[in-house]
Amino acid sequence: MTPGMHRSAAAALLLAALALRAGASAPAPLLRSDLAAPPESIRREALAAVDRACDAIREGLDRDGAVRDPAGESPQDGGGALFPAAALADPAAPDPLLAAALARCADTLARPWDAGRTRDAAYLLLGAAWARLEPPAGLVDRLAKTDLSALGVADRALALVALDSFGADTAAGWDALARRAAPAAPALSDVAAAALARAARSRRLGGDGASPDVLAHVRWLAARLHLVYGGEADPATPLDPAAALLCTVLASSLPRHALAADPGLFPWDWRNHMANRLVVSQTLDPGTFNPGWDGGASGAPRALATTQAVLALRLLAQ
């Protein structure tokens, strides 16, 4: 695939609300309706929450897009997490720190990757897709060949979404995630990741991503999210930023006819409710007073949860 085709794939993904694609020739799924966009008031609140969080993220990054060490010094070679820079993926004006982090990640291509570096690559590719940036040469191929099993289920699914956005062959990765045994008490992220995996397989087989097994997973999610006015997520399956991002990608990829035909799926104004829940769950870090999000039941570090929430709000506000 040529650089121009990579850019086209990323742009198409954004225009289709980052819907999963089985390959460059797969049709772009449609959103349910034009009314799925959040109201302007919620959109502004979402972008204001994004701006507050991103200002705090910038303060914590060095000029190469990596998290500074506690002493405030630039991390040594191979140190410093890069994934928070993905949150700076404003499609209208991508922050130079995102490009710097992508370049720094590319510098690791000739070295072994641990789970942290694999996660960095996954989120930075998501950021590149959100911001319509071409990733450094070799980064997509390296991530596509990397064993993702060391990542948690949410990070694995999002790594595959990132790879899909640049036309990588993700069939084996999605099939492995689809075969993953469901936990005895599944979280929202477990079910959303499984639904994304099955939707990817459906598209690869010529479907539209709304096969009966996918829709069964979506009904399970919808019944626990209660995305209606006055609704709250089921306390047994709380909504955390990772689940919000996965559910946002999933719901954005469902074809219009499937959503319109089944009232048990996400409602027509699901974006409004999802964005509002993320906005009101933004908190101040008790130590730094920086605005962001906690990982909640997922146990994700605050920096990762904030990155996930910002990416979800950017997608919801489009």
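Below: a short report on this structure. Predicted model only: the values in this text are computed from it and were never measured.

## Some points on the overall build of the protein chain
Line of reasoning, step 1. Each helix and strand in the protein chain was counted, giving 13 helices and 2 strands.
Line of reasoning, step 2. In the protein chain, buried positions account for 54% of the 318 residues.
Line of reasoning, step 3. Within the protein chain, counting contacts between residues at least 6 apart in sequence, those at least 24 apart form 69% of the total.
Line of reasoning, step 4. Element-wise, carbon and sulfur atoms account for 57% of the exposed surface of the protein chain, whose accessible area totals about 13100 Å².

## Topic: the packing of helix H2 (residues 40-59) against helix H13 (residues 302-316)
Line of reasoning, step 1. The geometry of H2 relative to H13 is characterised by a closest axis approach of 10 Å and an angle of 145° between their N-to-C directions. Handedness of the crossing formed by H2 with H13: left-handed. Along the contact surface, H2 presents Ala-46, Ala-49, Val-50, Ala-53, Cys-54 and Ile-57, while H13 presents Thr-306, Val-310, Leu-313 and Arg-314.
Line of reasoning, step 2. Looking at the contact of H2 with H13, its residues break down into 8 nonpolar, 1 polar and 1 charged.

## Thoughts on the pattern of salt bridges
Line of reasoning, step 1. Scanning the entire structure with this criterion turns up 16 salt bridges.
Line of reasoning, step 2. Between Arg-58 and Asp-95 there is a salt bridge, with the nearest N and O atoms lying 2.6 Å from each other. Taken together, the positions of Arg-58 in helix H2 and Asp-95 in the loop between H2 and helix H3 (96-106) put the pair 37 residues apart, joining distant regions of the chain.
Line of reasoning, step 3. Residue Asp-175 pairs with Arg-204 through a salt bridge whose shortest N-O separation is 2.8 Å.

## A word on the packing of helix H6 (residues 153-164) against helix H7 (residues 171-178)
Line of reasoning, step 1. Axis separation between H6 and H7 bottoms out at 10 Å; the angle between their running directions is 155°. The angle between the axes of H6 and H7 places the two elements in the roughly antiparallel class. Crossing handedness for the pair H6 and H7: left-handed. Contacts between H6 and H7 pair Val-153, Arg-156, Ala-157, Leu-160, Val-161 and Asp-164 from the former with Gly-173, Trp-174, Ala-176 and Leu-177 from the latter.
Line of reasoning, step 2. When grouped by side-chain class, the residues that make up the contact of H6 with H7 number 7 nonpolar, 1 polar and 2 charged.

## Quick word on the nonpolar core
Line of reasoning, step 1. In this structure, Leu-124, Trp-174, Leu-221, Phe-266, Trp-293 and Leu-313 are the most contacted members of the largest nonpolar core, which totals 98 residues.
Line of reasoning, step 2. Residue contributions to this core peak at 10 residues, all from helix H4 (residues 115-131).

## Description of helix H8 (residues 188-204)
Line of reasoning, step 1. Given a rise of 1.5 Å per residue, 17 residues ought to cover 24 Å, and the 24 Å separating the end C-alpha atoms of H8 matches this to within 8%.
Line of reasoning, step 2. Along H8, 15 of the 17 residues are buried, which leaves the element largely enclosed by surrounding structure.
Line of reasoning, step 3. The first or second residue beyond H8 is Gly-206, which carries a positive phi of 100°.

## Some points on the side chain of Thr-170
Line of reasoning, step 1. Topologically, Thr-170 is positioned in the loop between H6 and H7.
Line of reasoning, step 2. Within the local environment of Thr-170, its side chain forms a polar contact with the side chain of Asp-164, the two groups lying 2.6 Å apart.
Line of reasoning, step 3. When residues no more than four places from it in sequence are discounted, the contact partners of Thr-170 are Leu-160, Leu-163 and Asp-164.

Analysis parameters
- Counting restarts for each chain, with residues numbered from 1 along the sequence as it is written.
- Per-residue local features are limited, in this predicted model, to residues with pLDDT of at least 70; the limit for side-chain atom pairs, both in listing and counting, is 80 or more; totals at the level of whole chains, interfaces and linings are taken over all residues.
- As a rule here, side-chain values come from all non-hydrogen atoms in the structure, and water together with hydrogens is ignored.
- Every helix listed is a DSSP run of H or I at least four residues long, and every strand listed is a run of E at least two residues long, numbered separately from the N terminus.
- The buried label applies to any residue whose accessible area, calculated with a 1.4 Å probe on protein chains only, is under 20% of its type's maximum; exposed applies above 50%, and partly exposed to all values in between.
- The contact definition used throughout considers only heavy atoms, calling two residues in contact when any of these lie within 4.5 Å.
- Method for areas: the Shrake-Rupley scheme with a 1.4 Å probe, in which residue coverage is limited to the protein chains shown.
- Comment: axis = line fitted to C-alpha atoms, over the contacting stretch for helices; angle = value between 0 and 180 degrees taken between N-to-C directions.
- Crossing chirality is assigned from the near helix's rotation relative to the far helix, an anticlockwise turn below a right angle marking it left-handed and a clockwise turn marking it right-handed.
- Three classes are used, and their members are as follows: Ala, Val, Leu, Ile, Met, Phe, Trp, Tyr, Cys and Pro are nonpolar, Asp, Glu, Lys and Arg are charged, and the others, Gly among them, are polar.
- Between Lys or Arg on one side and Asp or Glu on the other, a salt bridge is scored when a side-chain nitrogen of the former is within 4 Å of a carboxyl oxygen of the latter.
- Any angle from 65 to 115 degrees is called roughly perpendicular, while one under 35 is roughly parallel, one over 145 is roughly antiparallel, and all others are oblique.
- The criterion is simple. A nonpolar core is a set of buried Ala, Val, Leu, Ile, Met, Phe, Trp, Tyr and Cys residues joined through side-chain atoms within 4.5 Å.
- Expected span of a helix, by definition, is 1.5 Å for each gap between consecutive residues, and there is one gap fewer than residues.
- Whenever two N or O atoms come within 3.5 Å, that pair is a polar contact, provided that in protein one can donate a hydrogen and the other can accept it, and provided that, for residues adjacent in sequence, both atoms are side-chain atoms.

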